[in-house]
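Report on the structure
Letter by letter, the chains look like this.
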Amino acid sequence: MRKRKGRASTELILAMVLLILFSAATLTLVSSGTDVYSATTRVSDANSSLRVAASYIYTRARQSMEAGSIRVAVYDSIDGNCLVMRQSIEGVPYETVIFIHEGFLKESLIPMGGQPEPDSSFEIVELSGFMLEEDDRGIQFNVLLETDEQNSAIEGYISKL
């Protein structure tokens, strides 16, 4: 009887070792899968933010399609260039100003000739940079997002014709 009892203990120990090895392999697989999923999600979120920013700029520009209503301007309260679109609300002239401030693309609606307040402006999406270049025919823009993994950008063009 003693031999049987020893054999059962050996089999039990082998089964436990196999169970531990299987558990360790499963844990490793799940852990590496989680890391890959997290990295993929961060890249997807960054690309989504860029697409939202570009789409928002195009949509706002299409709402201001009057000749001469879109321009690039500089304001004292904002670092860098701003995209300015003139519009009229119930006969009163206003300007919509799109700019980047503290890592966000922002929009401010101000009376014609006023100064935008960056801290009280509407946050659209997180961005690292917003570059504008104006020529006679239109405005070229570039939205940038820098993350730990990558730097991404989308370029666009708004015609002023």
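Residues numbered from 1 in each chain as written. Predicted model: local features only at pLDDT ≥ 70, side-chain atom pairs only at ≥ 80, totals over all residues. Heavy atoms only, no water.

1. What about the nonpolar core?
The tendency in soluble globular proteins is for nonpolar side chains to be buried side by side. To keep things clear, this is the line we draw: The term nonpolar core refers to a set of buried residues drawn from Ala, Val, Leu, Ile, Met, Phe, Trp, Tyr and Cys, joined through side-chain atoms within 4.5 Å. For each residue, the accessible area found with a 1.4 Å probe, counting protein chains only, is set against the maximum for its type, and the residue is called buried under 20%, exposed over 50%, and partly exposed in between. A run of DSSP states H or I qualifies as a helix once it reaches four residues; a run of E qualifies as a strand once it reaches two. Both are numbered from the N-terminal end. A contact between two residues is defined here by any heavy atoms of the two lying within 4.5 Å.
In this structure, Ile57, Leu83, Leu105, Leu127, Phe130, Phe141 and Val143 are the most contacted members of the largest nonpolar core, which totals 23 residues. Elements with a contribution of two residues or more to this core: α1 (2–62), β1 (70–74), β2 (81–89), β3 (92–101), β5 (122–126), β6 (129–134) and β7 (138–146). With six residues, α1 is the largest single contributor of residues to this core. In contact with Val143, other than residues within four places in its own chain, are Leu50, Ala53, Ile57, Leu127, Gly129, Phe130, Ser152, Ala153 and Ile154. Ranked by size, the runner-up nonpolar core spans eight residues in total, among them Cys82, Val84, Val97 and Phe99.

2. Describing the sheet that holds β3
Sheets are built from strands paired through backbone hydrogen bonds, the pairs being either parallel or antiparallel. Cut-off, in case you're wondering: We treat two strands as partners when DSSP finds at least two bridges between them. The convention used is that axes are lines fitted to C-alpha atoms, helices contributing only their stretch in contact, and that angles between N-to-C directions extend from 0 to 180 degrees.
Spatially, the five strands line up as an open sheet ordered β1-β2-β3-β4-β5, and their pairing is antiparallel. What marks the edges here is a single partner per strand, and that holds for β1 and β5. With direction set aside, neighbouring strand axes in the sheet form an average angle of 30°. Of the strand pairs in this sheet, β3 and strand β4 (residues 104–111) are connected by eight bridges, and their pairing is antiparallel. If you follow Glu95 over to β4, its bridge partner there is Ile110.

3. A word on the pattern of salt bridges
Here is the rule: Note on definitions: salt bridges are taken to be side-chain nitrogens of Lys or Arg within 4 Å of carboxyl oxygens of Asp or Glu.
Going through the model one piece at a time under the given rule, you end up with two salt bridges. One salt bridge in this structure joins Glu107 and Arg60, with 2.8 Å as the shortest N-O distance. Of this pair, Glu107 sits in strand β4 while Arg60 sits in helix α1, placing them 47 residues apart in sequence. Pair check on accessibility: Glu107 and Arg60 agree, each one buried.

4. Examining the environment of Gln115
Within the fold, Gln115 resides in the loop between β4 and β5. Note on Gln115: relative accessible area 43%, which makes it partly exposed. When the C-alpha atoms of Gln115 and Asp76 are compared, they prove to be 8.1 Å apart, with 39 residues separating the residues in sequence. Not counting chain neighbours up to four residues away, the residues in contact with Gln115 comprise Tyr75, Asp76, Ser77 and Ile110.

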